[in-house]
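Chains, contacts and geometry: an overview
Chain by chain, the residues:
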4 protein chains.
Amino acid sequence: MMTTAKLLLHCPDKPGILAEVTDFITVNKGNIVYLDQYVDHVENIFFMRIEWELKDFLIPKEKIEDYFSTLYAQKYEMHFRLYFSDVKPRMALFVSKMSHCLFDILARYTAGEWHVEIPLIISNHPDLAPVAERFGIPFHVFPVTKENKAEQEQAELKLLAENNISFIVLARYMQVLSETMIEAFPNKIINIHHSFLPAFVGARPYHAAFQRGVKIIGATSHYVTSELDAGPIIEQDVVRISHKDTVEDLVNKGKDLEKIVLSRAVQKHIERKVLAYKNKTVVFN
Amino acid sequence: MMTTAKLLLHCPDKPGILAEVTDFITVNKGNIVYLDQYVDHVENIFFMRIEWELKDFLIPKEKIEDYFSTLYAQKYEMHFRLYFSDVKPRMALFVSKMSHCLFDILARYTAGEWHVEIPLIISNHPDLAPVAERFGIPFHVFPVTKENKAEQEQAELKLLAENNISFIVLARYMQVLSETMIEAFPNKIINIHHSFLPAFVGARPYHAAFQRGVKIIGATSHYVTSELDAGPIIEQDVVRISHKDTVEDLVNKGKDLEKIVLSRAVQKHIERKVLAYKNKTVVFN
Amino acid sequence: MMTTAKLLLHCPDKPGILAEVTDFITVNKGNIVYLDQYVDHVENIFFMRIEWELKDFLIPKEKIEDYFSTLYAQKYEMHFRLYFSDVKPRMALFVSKMSHCLFDILARYTAGEWHVEIPLIISNHPDLAPVAERFGIPFHVFPVTKENKAEQEQAELKLLAENNISFIVLARYMQVLSETMIEAFPNKIINIHHSFLPAFVGARPYHAAFQRGVKIIGATSHYVTSELDAGPIIEQDVVRISHKDTVEDLVNKGKDLEKIVLSRAVQKHIERKVLAYKNKTVVFN
Amino acid sequence: MMTTAKLLLHCPDKPGILAEVTDFITVNKGNIVYLDQYVDHVENIFFMRIEWELKDFLIPKEKIEDYFSTLYAQKYEMHFRLYFSDVKPRMALFVSKMSHCLFDILARYTAGEWHVEIPLIISNHPDLAPVAERFGIPFHVFPVTKENKAEQEQAELKLLAENNISFIVLARYMQVLSETMIEAFPNKIINIHHSFLPAFVGARPYHAAFQRGVKIIGATSHYVTSELDAGPIIEQDVVRISHKDTVEDLVNKGKDLEKIVLSRAVQKHIERKVLAYKNKTVVFN
C-alpha cells in the first residue's frame with residue numbers, strides 16, 4: 001500500500017470548489033484514489049473527502065497543510081483536516097463489566113482488520129482485566145465515585161496524554177463523562193447506546209423498550225457531547241423482536257447489535273470517513 | 001374454505017389450560033387447523049389463539065360462546081373473543097390528503113387479498129374523493145374545526161353505526177380523535193404513525209428525524225388510545241437513510257414504509273391474530 | 001423547478017477528468033445541483049453523473065451535446081448520455097394477471113410522485129383491463145401463443161413506436177420477450193423477478209424457495225437481456241420467513257417486496273440515476 | 001435455574017396429540033415452562049417442543065424416555081428426542097485460517113452466554129493456535145491432503161469420540177468433509193457458508209456475487225449433508241452493498257454476517273430448538 005493523504009473539508013458552497021481542489025492535486029501529480037463530495041443545499045455547505053497517493057506528488061508531505069491552507073482554505077473559508085495513511089490513530093478503550101464489545105474490537109485488532117493502535121484499556125471495574133491480559137493490552141482500573149470522579153478523570157487524562165491517544169471508544173462504559181473529558185476530545189469519543197436513539201435515552205433502554213412493547217430494537221453509535229445520548233449519530237442498526245421476547249432476550253439480541261454497530265462506527269472513524277458538522281455526521285462511502 | 005371458529009383468550013396461567021381447551025375442541029370433533037399460545041412468565045398470563053373447522057363440530061355454532069364461557073372461561077378467569085370465518089369484518093377508512101396508504105389498501109381490497117368489507121371512506125378534506133370514486137366506495141367529507149369537532153364526530157359515529165362498522169383504519173388521517181370516538185372503538189382503531197415510535201411522537205416526525213441526524217427512519221402501526229401515539233404497537237419497520245437524504249427524501253422513502261407497515265397491521269387485525277393486553281400486543285404467527 | 005441538464009458518462013479513468021467536466025459547467029455559468037462519481041479501480045473505469053441548471057448556462061440547450069462530444073467525449077473516449085429535466089420519459093407497462101405491481105405504479109403515477117408519462121398498458125390477458133380503465137390508461141391486449149408470438153411482438157413494437165415509448169416496465173408480465181424486442185430497448189426494459197437472484201432463476205421461485213427451506217425470500221429488479229433473469233441488477237430486497245410459512249404465505253409476503261423493489265428501480269431509472277455497464281449497474285445516490 | 005426436560009418430537013398429525021402430551025406432563029406434576037408446536041398441513045406432520053421442570057415430576061428422570069416411548073411414541077409413530085438442561089452439550093470447533101467466527105464463538109463461551117462445553121479445536125492449519133491458546137482450549141492440527149484425508153478423518157473421529165463430542169461447528173473450516181464424518185454426526189455438524197444459499201454454492205462466493213452485481217449479500221448456516229452446501233438451513237441474514245464495494249469490501253462486510261449468523265444457529269442448536277426434518281428445519285422460538 002502506498003502512502004496516501006486524506007483531506008476532509010467543509011465550507012460554504014460556491015461554484016468551482018470541487019474543480020479547484022481536484023485540480024490542485026492532479027496538477028501537482030497526485031493520483032486521486034478516492035473522492036466523495038456532498039452539498040447540503042439547505043444549509044448551503046459543501047463537504048468533501050479526497051484521498052491521493054503521495055508518491056510523485058510535487059509538494060512535500062510536511063508542507064501540504066500549509067500550501068492548501070494558504071491557497072484554498074482561506075479563500076473558501078474552509079474547515080479542513082489532513083491525515084496521512086502511514087500514521088496509525090491511537091485508540092483508548094473504556095469498559096466496565098460487559099465483554100461483548102471489547103471482545104469484538106480486540107478480535108478485529110488482533111486479526112489486523114483495523115489500521116489502529118490500542119495502547120491501553122481503562123475501566124472503572126476490574127472485571128475485564130483477564131480479557132485485556134489475554135490480548136496483551138495494559139489494563140488500568142480507575143474506580144469512580146461521586147467524590148473522586150474529577151480527580152480520577154484527571155488521572156485518566158494524564159494517562160491518555162502520555163500514551164498520545166487520539167480518540168476514545170466507550171465499549172459499554174457505564175459512566176457519564178464530565179465536560180472536561182468531553183472537551184478534551186471533541187468528536188473524538190465514540191459511544192454505543194443500546195437503543196434506537198432518540199428513543200429510550202438514558203439508563204435501562206431494554207427495559208423501557210420492553211415496557212413500551214416495540215416490535216424492533218436498535219443500537220446507536222454516536223460522538224459524545226455534553227448532552228447525554230444526544231451527540232452526532234454515526235451508525236445505527238435494528239433487529240426485529242416479538243411479544244415472546246423477555247427483557248433478557250432483548251439484552252441478548254441487543255449485544256450482537258451493539259458490537260456490530262459500534263465496530264462499524266469505529267472503523268469509519270479510523271478510516272477518516274466521518275465528518276461531524278453541527279449535531280450530525282457526514283459519513284462518506 | 002370451510003367455516004372455522006377462531007378463539008382468542010388470555011387468563012392467569014395455570015397448569016392444564018392448554019390441554020383442557022384443545023381437548024374441548026377435539027372431543028367435540030372439531031378439527032384444529034391453527035394453534036398458537038404464549039405464556040408471559042413475568043405477568044403469569046396465558047395467551048392463546050386456536051382455530052378449528054366447524055364441520056362435524058358437535059356444538060352448534062350459536063351455542064359455542066355460551067358453552068365455552070360456562071365450562072372454561074369462568075373457571076380460569078378468561079377474557080376471550082370468538083370469531084367465525086364466514087363473518088367479514090367491516091372496516092371504515094379515515095383519510096386526509098395523502099393517497100399512498102389509501103391506494104395500497106384499496107388495491108389489496110380490489111384484488112381480494114383481504115377478507116373484509118369497506119363500506120365507506122371518511123375524510124376531513126375532499127381531495128381524495130376521486131380515488132374513492134374510482135374504486136366505487138362511498139366517500140363522506142366531514143370538515144373538522146375546533147368548533148365543530150364534537151358535532152362532526154357525532155355525525156361520523158352515527159354513520160359508522162348505520163354501516164355496522166367493526167373497526168377503523170386511519171390511513172394518514174391528520175386529526176386527533178376525541179375520547180368519545182376512541183372509547184366507542186376500543187383497540188379497534190388502527191393508526192399509522194410516520195416514525196419509529198416512541199421516537200418522534202407528534203407532528204412532523206420526518207423533520208424531527210432530519211434534525212436529529214438519524215441513520216434509519218421508521219413507521220409504526222398501533223391501536224389508538226387516549227394518549228397520543230402511545231397505544232399498543234402492532235407492527236413497525238424501518239429503512240436506512242444517509243446524510244444525503246433531504247426531508248423530502250425522508251418523506252418519500254417513508255411513504256413506502258407507512259403503507260406496508262399499516263397494511264401488515266390491518267391484515268393481522270382482519271385475520272384476528274392481534275390480542276391487545278395492557279399497552280402491548282400479542283401478535284400470533 | 002428550473003430546467004436542468006443531466007449528464008451520465010463513463011470512460012477509462014485518467015487524471016483530470018472530474019476537474020475538466022465540472023470546470024466545463026462552472027466556466028459556462030451552469031449551477032451544479034448534483035454530482036456523484038465513482039471509479040472502478042479494478043476495471044479502471046470512471047463513472048459520473050452531474051446535473052446543472054440551464055438558466056444562465058452560456059451554451060444553448062440544443063448545442064450542449066455537440067459541444068461536450070467534441071470537447072471532452074472524444075478526448076477521453078467517453079460514452080455519455082444527456083437528458084433534460086423538462087422532457088418526461090414515456091413508459092409502457094406490460095402486465096399479465098396479477099395486479100399488485102400495476103396498482104403500486106399507477107398509484108404513484110396518479111399522485112404525481114414520478115416525472116413520467118404512461119401512455120399505454122400492454123397485456124397478454126384481458127384480466128386487468130378494469131384496473132387500467134379506472135386510471136384512464138389505454139389497455140391493449142395481445143394474446144401470445146407459440147405460433148403468433150413473433151407477429152404479436154411486431155404489433156407491440158409498432159404500438160410502442162407510435163407512442164414514442166422510451167422504456168418498458170414488466171410489472172409481473174409472465175412472458176419471455178424475444179431477442180427482437182430486447183434489442184429494440186437495450187437496458188430499457190425493467191423486470192421484477194420474484195426471487196433473490198441469482199437464486200431461483202426461472203419459473204415458480206416461491207415454490208423452489210419453499211422446497212429449499214430458506215429463511216429469507218427476496219425480489220430482484222433488473223434490466224432484461226437475452227439471458228433469462230441474468231441482466232444487470234438495479235435493486236433487490238428481502239423479507240424474513242419461517243418454517244411456518246406456506247407457499248401461499250411466501251407469495252403474499254413476496255407481493256409487497258416485488259412492488260416496492262420494482263418501484264424503487266423504476267424511480268431510479270426515471271431519475272436517470274442508473275448506468276448499466278457490462279452486466280452490472282452503477283446506481284447513483 | 002431448575003433442571004428441565006426438553007422434548008422435541010414430530011409425527012403424523014392426528015387429533016388429540018397436543019392435549020395428550022401436555023396432559024402427560026401436567027398430570028404427572030411437571031410445570032411446563034415452554035411449549036411451541038407447529039403443523040405442516042402440506043405433509044400432515046405435527047412438530048412440537050415442550051419443556052418442563054423436573055422438580056415434583058412424578059416420573060424419575062431416567063425413566064421418562066422409556067415411559068414416553070411406551071405410552072405415546074409408539075401410538076403416534078413419533079420420532080422424539082429428550083434432553084435435560086443439566087447436561088451440557090459438548091461442541092468441537094473446526095477452523096482453518098480465518099479467525100472472526102472463532103473469536104466470536106470463544107467470546108460468547110468465555111462470557112458464559114452459552115450452555116456448552118468446548119473441549120477442543122481442530123484445524124487443518126496451525127495459524128489459529130495462538131487464539132486457542134489465549135482462551136485455554138486444546139488445539140489439534142490435522143493437515144489434510146488428498147492422500148491422507150481418510151486417515152486424518154479417522155484420527156479426528158477418534159479424538160472426537162474420546163472427548164465425547166455431541167456436535168461439530170465448522171467455523172470457516174475450508175475443507176469438504178467425507179461421507180464417513182458426516183454420517184457419524186447426522187444433523188450435528190453446523191456449517192457457515194458465506195453466501196445467501198442457494199445462490200453462490202461452492203468456492204469463492206464473494207467473487208461470484210461481485211461478478212453478478214448483486215445489491216445484497218448474505219450468509220447461511222446449515223447442517224452439513226453429503227451434498228455440498230445443500231443441507232437443512234438453520235439461519236440466514238443479509239447486508240446491503242453497492243456498486244462501490246470491491247470484492248475485498250464484500251469479504252469484510254461478510255465477516256460480520258458470517259459470525260452473527262453462525263452464532264445464532266449454534267445458539268439455537270445448543271438450546272435444542274432446531275428440529276431437522278427432511279431437508280428443512282423447524283426452528284422453534
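Residues numbered from 1 in each chain as written. Chains lettered and ligands numbered in written order. Predicted model: local features only at pLDDT ≥ 70, side-chain atom pairs only at ≥ 80, totals over all residues. Heavy atoms only, no water.

Quick notes on the overall build of chain A
Here is the rule we go by: Put simply, DSSP H or I for four residues or longer makes a helix, DSSP E for two residues or longer makes a strand, and each gets a number counted from the N terminus. To get the radius of gyration, use the C-alpha atoms; to get the globule rule, take the number of residues to the power 0.38 and multiply by 2.2 Å. Exposure classes here rest on a 1.4 Å probe applied to the protein chains alone. A residue is buried below 20% of its type maximum, exposed above 50%, and partly exposed in between. Should any heavy atoms of two residues lie within 4.5 Å, those residues are considered in contact. As used throughout, the charge tally considers Lys and Arg to be positive and Asp and Glu to be negative, leaving His and the chain termini uncounted. A charged residue contributes its charge at one atom only: NZ of Lys, CZ of Arg, CG of Asp or CD of Glu.
A tally of regular secondary structure across chain A gives eight helices and 13 strands. A globule of 285 residues ought to have a C-alpha radius of gyration of about 19 Å, and chain A, at 21 Å, matches this closely. Principal-axis analysis of the C-alpha atoms places the extent of chain A at approximately 60 × 40 × 35 Å. Counting every position in chain A, which comprises 285 residues, the buried fraction comes to 59%. For chain A, the share of sequence-separated contacts (at least 6 apart) that also reach a separation of at least 24 residues comes to 67%. Of the charged side chains in chain A, 33 are positive and 36 negative, and the gap between their average positions amounts to 4 Å.

Comments concerning the sheet that holds strand 9 (residues 189-193) of chain C
Working definition: the strands of a sheet are paired by backbone hydrogen bonds and lie parallel or antiparallel to each other. Residue and element names in this part refer to chain C. As a reminder of what qualifies: Strands qualify as paired when DSSP identifies two bridges or more between them. A fitted line through C-alpha atoms represents every axis, and for helices the fit uses only the stretch in contact; the resulting angles, taken between N-to-C directions, go from 0 to 180 degrees.
Strand order in the open sheet formed by seven strands is 7-6-5-8-9-10-11, and the pairing between neighbours is mixed. The two strands at the open ends of the sheet, each matched to only one other strand, are strand 7 (139-141) and strand 11 (233-240). Between one strand and the next, the sheet's axes are offset by a mean angle of 20°, whatever the strand orientation. Where strand 5 (residues 90-95) lies against strand 8 (residues 167-170), four bridges are found, and the strand directions are parallel. Paired with leucine 93 across the strands is valine 169, a residue of strand 8.

Section: the relation of the copies chain C and chain A
Operational definition: We superpose the copies by least squares over the C-alpha atoms of residues that have a pLDDT of at least 70 in both of them.
Each copy superposes on the other: chain C lies on chain A with an RMSD of 0.0 Å after a rotation of 180° and an axial shift of 0.0 Å. In the structure described here, the two chain copies are related by an operation that fits a two-fold rotation axis. Looking at the rotation axis and the C-alpha trace of chain C, the residue lying nearest is alanine 19 of chain C, at 2.2 Å. Comparing interface residues between copies, 100% of those in chain C also lie at the interface in chain A; the contact surface is shared.

Examining the pairing of strand 9 (residues 189-193) of chain A
Residues and elements named next belong to chain A. Condition: Looking down the strands as they point away from the viewer, one classifies a crossover as right-handed if the path from the first strand across the helix to the second runs clockwise.
Burial within strand 9 is extensive, with five of its five residues counted as buried. Both faces of strand 9 are covered, namely the face carrying Ile189, Asn191 and His193 and the face carrying Ile190 and Ile192. As paired strands, strand 8 (residues 167-170) and strand 9 are joined by three bridges and run parallel to one another. Among the inter-strand pairings, isoleucine 168 is bridged to a residue of strand 9, identified as isoleucine 189. Taken together, strand 8, helix 6 (residues 179-184) and strand 9 constitute a β-α-β crossover, and its handedness is right-handed. Relative to strand 10 (residues 216-223), strand 9 is paired through four bridges, and the arrangement is antiparallel.

Brief notes about the relation of the copies chain A and chain B
Relative to chain B, chain A is turned by 180° and slid 0.0 Å along the rotation axis, the superposed coordinates differing by an RMSD of 0.0 Å. An overlap of 100% is found between the interface residues of chain A and their copies at the interface of chain B, pointing to a shared contact surface.

Quick notes on the interface of chain A and chain B
This is how the line gets drawn: Once two parts are joined, some of their accessible surface, as seen by a 1.4 Å probe, is lost; buried area is that loss totalled over both. Salt bridge, as used here, is a side-chain nitrogen of Lys or Arg placed within 4 Å of a carboxyl oxygen of Asp or Glu. Throughout this description, a polar contact denotes any pair of N or O atoms lying within 3.5 Å of each other; where both atoms belong to protein, one of them has to be capable of donating a hydrogen while the other can accept it, and for residues adjacent in sequence the pair is counted only when both atoms sit in side chains. Each residue is assigned to one class: nonpolar for Ala, Val, Leu, Ile, Met, Phe, Trp, Tyr, Cys and Pro, charged for Asp, Glu, Lys and Arg, and polar for all the others, Gly among them.
Residue-level contacts link 33 residues of chain A with 33 residues of chain B. Across the interface of chain A and chain B, roughly 3000 Å² is buried in total on both sides, 57% from carbon and sulfur atoms. Looking only at chain A, the three residues that lose the most surface to chain B are Arg212, Lys215 and His243 of chain A, adding up to 24% of its buried area. Applying the counting rule to chain A against chain B returns six salt bridges. Here aspartate 237 of chain A and arginine 240 of chain B are joined by a salt bridge, their closest N and O atoms 3.6 Å apart. In this assembly, chain A and chain B are joined by 20 residue pairs in polar contact (both at pLDDT 80 or more). Of the residues assigned to the side of chain A that touches chain B, the class counts are 15 nonpolar, eight polar and 10 charged.

With respect to the layout of surface pockets
Where empty space is left becomes clear once a probe the size of a water molecule has been rolled over the atoms. Residues and elements named next belong to chain A. Spelled out, the test is: As defined here, a cavity is a set of points on a 1 Å grid over the protein atoms alone where a 1.4 Å probe fits but cannot get out. A pocket is an open set with protein on both sides within 12 Å along at least five of seven lines, and residues line them when an atom is within 4 Å of a point. Grid points are joined across faces, edges and corners, and a volume is the space filled by probe spheres set on the points.
By volume, the second largest pocket is sized at about 580 Å³. Forming the boundary of the second largest pocket are 32 residues, of which Tyr173, Met174, His193, His194 and Asp229 lie nearest the centre. Contributions of two or more residues to the lining of the second largest pocket are made by helix 6, strand 9, helix 7 (205-212) and helix 8 (247-270). Partitioned by chemical class, the residues of the lining of the second largest pocket number 14 nonpolar, 11 polar and seven charged.

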